[in-house]
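Structural characterization, general
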Amino acid sequence: NVGRGVAAPGSAAVSGKARSVSADAAYKTVLPSISEMGLLAPGVGWAANGISFNITRNSGRSWTEVQVPGLRGDIVANLWAAASPGPSDLVVASYAGSVYGSCAHPTGPANSHGIELPIGKMAVSTNAGRTWRSTTLPGCVLPSSLSFLNPNVGFAVMLGGPSNPLRPALYVTTDGARTWRRIGPMPFNGPIDFANSDDGWGVAANHVEPEALETSLTGALYRTTDGGRTWQPAPICPVGSTRGTTVACETPHFFGD
């Protein structure tokens, strides 16, 4: 579904709602059926299903159901990436529908061979999801991975765009996801994690599902030491010593330098 929709960039303050869900001392989670989950920072994680997006900030002792602006419909299908640069900070990227024209094709509708273009939304909260600032991403791009160093500086692997919708590119923001600057093309598509503004790591994926947080990893680990301008394969994952064995790396996570 890559290559669908664009809207003019803009931002708006949006109020969010939260509901706490308890868990006992043995960390048994009282949550509805969960189909996707992930670690964002020490003690901070998310869990989602088709109808709810939940955050924990105390290693799973309690959970808060958060309503993220722009994240609607099937939550798992439309949730593309998430990051937590600080204890109360949350950045969520989502697919928010599609439009015709303006970015890759001037006309529509579909019966005249118009191309649907994606609308990517970025929602940022600095108070644990109580309130949000929402921004529409320009240029027909959708983030497949996010890595934030602090509430202002972050990197994103973007898919889409008018020239080559399937070629991933790296973008950087220095103003809390209000605006993004393209750094350059990526030699792989997959999750990334930056330890600082220069050093980052990523894992190549065969493809990105519509849910984007689900990637099929090839096990190829890449590293950058110049802020994402160039990437080199990192021969850390050993080749399987047993015949017929495949060894795959997952993305390393850094919590500070």
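Keep in mind the model is a prediction, meaning the values are calculated, not measured.

Rules of the game
- Residues numbered from 1 in each chain as written.
- Predicted model: local features only at pLDDT ≥ 70, side-chain atom pairs only at ≥ 80, totals over all residues.
- Heavy atoms only, no water.
- pLDDT = per-residue confidence, 0-100.
- Helix = DSSP H or I, 4+ residues; strand = E, 2+ residues; numbered from the N terminus.
- Contact = heavy atoms within 4.5 Å.
- Buried < 20%, exposed > 50% of the residue type's maximum accessible area, 1.4 Å probe, protein only.
- Core = buried A, V, L, I, M, F, W, Y, C linked by side-chain atoms within 4.5 Å.
- Phe/Tyr/Trp six-rings, centres within 6.5 Å; stacked < 30°, edge-to-face > 60°.
- Lys, Arg positive; Asp, Glu negative; His and termini not counted.
- Salt bridge = Lys/Arg side-chain N within 4 Å of Asp/Glu carboxyl O.

Low pLDDT marks regions whose predicted coordinates should not be analysed in detail. Scored by pLDDT, the protein chain comes out at a mean of 74, with 68% of its residues at no less than 70. Of all helices and strands in the protein chain, the one with the weakest mean pLDDT is strand S1 (residues 11-15) (36), whereas strand S13 (residues 169-173) scores best (94). Taken as a whole, residues 104-113 scores under 50 in pLDDT and shows 15 contacts with residues more than four places along the chain or in a different chain.

Backbone geometry at Ser59 places phi at a positive 60°, although glycine is not the residue there. Turning to its location among the elements, Ser59 is positioned in the loop between strand S5 (53-56) and strand S6 (62-66). Residue Ser59 is classed as partly exposed on the basis of its relative accessible area of 46%.

On to the nonpolar core, then. Among the nonpolar cores identified, the biggest contains 18 residues, and Phe53, Val68 and Val92 are the most heavily contacted of them. Those elements that place two or more of their residues in this core are strand S3 (36-41), strand S4 (44-48), S5, helix H1 (75-78), strand S7 (79-83) and strand S8 (90-100). Beyond its immediate stretch of four places on either side in the chain, Phe53 contacts Trp46, Ala47, Ala48, Thr64, Glu65, Val66, Val68, Leu71, Ile75, Leu79, Leu90 and Val92. Ranked by size, the runner-up nonpolar core spans 16 residues in total, among them Ala93, Ala156, Tyr171 and Trp180.

This structure, assessed with the given rule, holds six aromatic pairs. Between Phe148 and Trp180, the aromatic rings sit 6.2 Å apart at their centres with planes inclined by 90°, giving edge-to-face as the arrangement. Of this pair, Phe148 sits in strand S11 (residues 141-148) while Trp180 sits in the loop between S13 and strand S14 (181-185), and the two are 32 residues apart along the sequence. Each member of the pair Phe148 and Trp180 is classed as buried. Measuring from ring centre to ring centre gives 6.0 Å for Phe194 and Trp231, while their planes differ by 85°; the resulting arrangement is edge-to-face. Taken as a pair, Phe194 in strand S15 (residues 192-194) and Trp231 in the loop between strand S17 (215-224) and strand S18 (232-233) lie far apart in primary sequence, 37 residues in all. Here Phe194 matches Trp231 in class, with each residue buried.

Glancing now at the side chain of Asp89. With respect to the helices and strands, Asp89 occurs in the loop between S7 and S8. Arg57 provides the closest opposite charge to the buried, salt-bridge-free Asp89, at an N-O distance of 7.2 Å. Apart from residues no more than four positions distant in its own chain, Asp89 is found in contact with Arg57, Ala83, Ser84, Ser125, Thr126 and Pro151.

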